[in-house]
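As a plain string of letters, each chain reads:
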Amino acid sequence: MPAWFYAWIELKERCRKRHREHMRANWLIFLLLAAGLASTASAQRVAVTIDAAKPGSPISKLMFGGFMEPATTSIWAEMLSDRKFFNEINSQPDPAPAATGAGRMMGATRRWRPIGADGFVAMDREQAYVGEHSPVIRLEQATPHGIAQAGLPLRGGQAYNGRIVVTGSPGTKVGVSLIWGTNPGDRETVTLGSLSSRYATFPLKFTALTDSDSGVLEIAGTGGGSFHIGAVSLMVADNVEGFRPGMIRKLKEQGITLTRWPGGNFVSAYDWRDGIGDRDKRPTRMDPVWRRLEPNDMGIDEYLALNRLLGAEPYIAVNTGFGDAHSAADEVEYVNGSPDTPMGKLRAVNGHREPYNVKIWGIGNEMYGPWQFGYMSINQYWVKHNMIVQAMKQVDPAIKVIASGASIEEVSWCAIEEEQFARRAKLSVKLPIEYGSDLDFSGAMLAHSADYMDFLSEHFYAYPLMSFDAAEQHFVDANDPLEDQVRRLPNKVEFKFEAWQEYLKRMPFLKDKNIKFALDEWSPRMQTTQGGRGAQGGGQQAGGRGAPGSGAASAMSSPLSLVLTYHEMFRHSDMVAMSVNTGGMRGVATDRAGDGIGFRLEGLVMKVMHDHFSGSMPVSVTGNSPQRPIRGTVGVDTSARPSGSPTYPLDVFAALSADRKKLLISVVNPTESVHEADLSITGAQVGSHVRLWQITAPAANTANTAMQGLTEVPVSQVPSRVAVPPASVNVYELELR
């Protein structure tokens, strides 16, 4: 090559080097400026102005809902698994538990095992009491044979009641024993009366003398011939209409005002008729959705009894997956029909003559998702939705129905979650999806079914520890500070209303409709890209896998996400008619036996928000520090406008109490440092009396079984400046003159 060529190459390389150094210097200057600005921002005290002159629409009392899935949940007090013997009984090892998915989440089922050799226990299809078969035990004179179930949590001094349905040969002697230890005296046995060729029910009563995590219920017989067992049940004697007494007390105290039942994905393969009538005769089903046994012990009548006990509004979801319009109409008639109607007459026979008059009905669940049993394209589904609503309202025109919806953000988020973590088929379009496309589920439902809905359901989940990378088209670990992690869930709320404004532009006729939002399934999922799929049925709670930061920050990540989400929904009180937190019923801390004894931090958040803000009226909050955007992609995992009040890094929400006698202020510090704020109040005359409640992470070695984490802090006067503890929720109640 000629010399000039090499000289040209050298000159070009020198230019490139100088350019790189120049860019590096500029980047360093940018970082220094950014650091300086951040330092200035952190040094600048947040100024908060609350104007109470013009209160907004009252916050719905149905904002504090709890999610119930499957039909028979852990609130039901039954202690025995497979109490109607769906599974065969033998001594074979348990099948390996599911490594991933619903089978893992729902937990293993305790098995019945033979007492003695397997050959003495068989499953009889000819003389089945309920379902396809019932166990028959062949006897061997004085040698006891029968079945037993181990692993029962027992409490010393606790009384237990139950029943057993049996039939057997004359002269057969059958005893039922509750065992709490290994010594011969560590048991109590109920000897049944004479058996006959017809099934009969015998009562059971026991009292355990000591605690045990491995209690056993044993059913054994001696003599000649054989005996069949149709069903058996065991509950704590102080159950409340079949429910755990501590759970009833604590859920009521937590402030559950609405319950959504029976799910969730479960409902799309559920037949409500399986859950009515004699509980011992209701069939046990293998739930194909979550791959678990559904005993159908908690059906519609029990569910409505629970709402009566809680003082909560029932919200029944109907099956629009495998279900049909006729079944949905019959369900409405069973619940709300006169006792003169066919289904109302059946309800009366089952023990409840008067109609329940349930108003809120959900039409399906997440029918936009291919994971849903009975899924179909939106071009077909809206037709089915309209047919079902017509049939239901023909039975009872007074009911209010919730349409299954999903804005482009929900469809996009679920699509990548399904691909990346559930390992299902990849969506063929780039995310986020577009408004008006075939995948815009809410858009299509509003276009075709606006006259067949009173509320539009929207679900939303968030990964606080991850963000969606639009270029890579998948979630990546974000490694964000706590204040950014906890913004991901409330930003989803903000996007719902950005989407609503877009729908109003595209469909102006919606302005004449009175359609409100039912945000009836939402929760954070605390995991990283290596953490697998999050908990569908309830959302992982505080301190989930991958939660970074200090112990307090890790423990408070989920509770802070929840309270900021409540703030954002409260700000839209004119449009949000109800809300159901997916993990709402799991806010109660439980003992070894599964009964309620206190609250988790998430439960304390709902309690404080309910106790102070239910029915209150939002007022204006302004400030000198706008919220900053966080990582993510608009239309997938974040909104165009950041959620929250202009009081970064704090979030402030304020409202007048329903009687206008108090000003309520919730101040959340989502950072790991103390932050101060100057507080100014206009539009109201504040008195001298003030109270303050704080939620902070309990000590690391404290069992969160009572009210740890929630304290009332003495305040001597109305503060003009507040110092907000790190990772905390602070609710002020100011008396007005």
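Structure shown above.
Here's what I pulled together on the structure shown here. (Residues numbered from 1 in each chain as written. Predicted model: local features only at pLDDT ≥ 70, side-chain atom pairs only at ≥ 80, totals over all residues. Heavy atoms only, no water.)

What follows concerns the overall build of the protein. Counting its secondary structure elements, the protein contains 13 helices and 34 strands. The buried share among the 737 residues of the protein stands at 56%. The contacts of the protein with a sequence gap of at least 6 include a subset with a gap of at least 24, amounting to 78%. Summing over all exposed atoms, the protein offers an accessible surface of approximately 30,500 Å²; the carbon and sulfur share of this is 53%. (Helix = DSSP H or I, 4+ residues; strand = E, 2+ residues; numbered from the N terminus. Buried < 20%, exposed > 50% of the residue type's maximum accessible area, 1.4 Å probe, protein only. Contact = heavy atoms within 4.5 Å. Areas by Shrake-Rupley, 256 points an atom, 1.4 Å probe, with all protein chains shown as cover.)

Moving on, we come to the pairing of strand β23 (residues 576–581). Taking burial as the measure, the six residues of β23 include six buried ones, the bulk of the element. Of the strand pairs in this sheet, strand β22 (residues 516–524) and β23 are connected by four bridges, and their pairing is parallel. Note that in β23 the partner of Ala518 across the bridge is Met578. (Pairing = 2+ DSSP bridges.)

Tallied over the full model, the rule gives 41 salt bridges. Here Glu676 ties to Arg45 by a salt bridge, and the two come within 3.1 Å at their closest N and O atoms. Here Glu676 is found in strand β30 (residues 675–682), whereas its partner Arg45 is found in the loop between α1 (3–43) and β1 (46–51), with 631 residues between them in sequence. Classification of Glu676 as partly exposed rests on a relative accessible area of 37%. For Asp678, the salt bridge is made with Arg721, and the minimal N-O distance between the two is 2.8 Å. Placement of Asp678 in strand β30 and of Arg721 in strand β33 (residues 721–724) is noted, with a sequence separation of 43 residues between them. Overall, the relative accessible area of 25% leaves Asp678 in the partly exposed class. (Salt bridge = Lys/Arg side-chain N within 4 Å of Asp/Glu carboxyl O.)

Look at helix α8 (residues 408–420) against helix α11 (residues 488–506): their axes get within 9 Å of each other, and the N-to-C directions meet at 130°. What the angle tells us is that α8 and α11 run oblique. On the side of α8, the interface is formed by Ile408, Glu409, Glu410 and Trp413, while α11 contributes Lys492, Phe495, Lys496 and Tyr503. By residue class, the composition of the contact of α8 with α11 is four nonpolar, no polar and four charged. (Axes fitted to C-alpha atoms, helices over the stretch in contact; angles between N-to-C directions. Parallel < 35°, antiparallel > 145°, perpendicular 65-115°, else oblique. Nonpolar A, V, L, I, M, F, W, Y, C, P; charged D, E, K, R; others polar.)

With that settled, consider the packing of aromatic side chains. This model, assessed by the stated rule, comprises 29 aromatic pairs. The interplanar angle of 65° and the centroid separation of 6.0 Å between the aromatic rings of Trp413 and Phe475 together place this pair among those described as edge-to-face. Taken as a pair, Trp413 in helix α8 and Phe475 in strand β21 (residues 474–477) lie far apart in primary sequence, 62 residues in all. Ring centres of Phe468 and Phe475 lie 5.9 Å apart, and the angle between their planes is 75°; this geometry places the pair in the edge-to-face category. In this structure, Phe468 and Phe475 share a single accessibility class: buried. Taken together, Phe64, Phe460, Trp522, Tyr566, Phe570, Phe613 and Phe653 form an aromatic cluster joined through their ring pairs. Directly above the aromatic system of Phe120 lies the positively charged group of Arg138, at a separation of 4.3 Å from the ring centroid. For the cation-ring pair, Lys281 lies above Tyr129, with the distance from its terminal atom to the ring centre recorded as 4.2 Å. (Phe/Tyr/Trp six-rings, centres within 6.5 Å; stacked < 30°, edge-to-face > 60°. Lys NZ or Arg CZ within 6 Å of the ring centre and 35° of its normal.)

This part is about the sheet that holds strand β6 (residues 141–154). Read across the sheet, five strands follow the order β3-β6-β11-β8-β9 without closing on themselves; strand pairing throughout is antiparallel. Looking at strand neighbours, the two that pair on one side only are β3 (112–115) and β9 (187–191), the edges of this open sheet. Sheet twist, expressed as the mean angle between neighbouring strand axes with direction ignored, is 20°. By the bridge criterion, nine bridges tie β6 to strand β11 (residues 212–223) in an arrangement that is antiparallel. Across the sheet, residue Ala148 finds its bridge partner in β11, namely Glu218.

Most of helix α9 (residues 441–449) is tucked away, with seven of its nine residues classed as buried. Buried residues of α9: Phe441, Ser442, Gly443, Ala444, Met445, Leu446 and Ser449, and no others. Packing partners of the buried residues in α9 comprise α7 (378–395), β18 (400–403), α8, β19 (455–462) and α11. You can read the cap of α9 off the contacts: a side-chain oxygen lies 3.0 Å from the backbone nitrogen of Gly443, and it is on Asp440. (Polar contact = N/O pair within 3.5 Å; in protein donor to acceptor, adjacent residues only side chain to side chain.)

Time to look at unusual backbone geometry. Of the consecutive residues Gly263 and Gly264, the connecting peptide bond is found in the cis state with omega at 15°. For Gly264, the location among the structural elements is in the loop between β13 (258–261) and β14 (285–287). In the segment running from Leu431 into Pro432, the intervening peptide bond is cis, with an omega of 5°. Phi angles above zero are rare outside glycine, and Glu241 is one such case at about 55°. With respect to the helices and strands, Glu241 occurs in the loop between β12 (226–236) and α3 (245–254). Phi at Arg660 takes a positive value of approximately 60°, unusual for a residue other than glycine. Inspection of the secondary structure assignment puts Arg660 in the loop between β28 (651–656) and β29 (662–669).

Okay, the pairing of β1 next. Residues Val46, Val48 and Ile50 point to one face of β1 and are all buried, whereas Ala47, Thr49 and Asp51, pointing to the other face, are not buried. Bridge count between β1 and β30: six bridges; the pairing is parallel. From the neighbouring strand, Asp51 faces β30, where its bridge partner is Thr682. Two strands pair when backbone bridges link them, and β1 and strand β27 (residues 620–623) are joined in this way by four bridges, in the antiparallel orientation. Among the inter-strand pairings, Val48 is bridged to a residue of β27, identified as Gly623.

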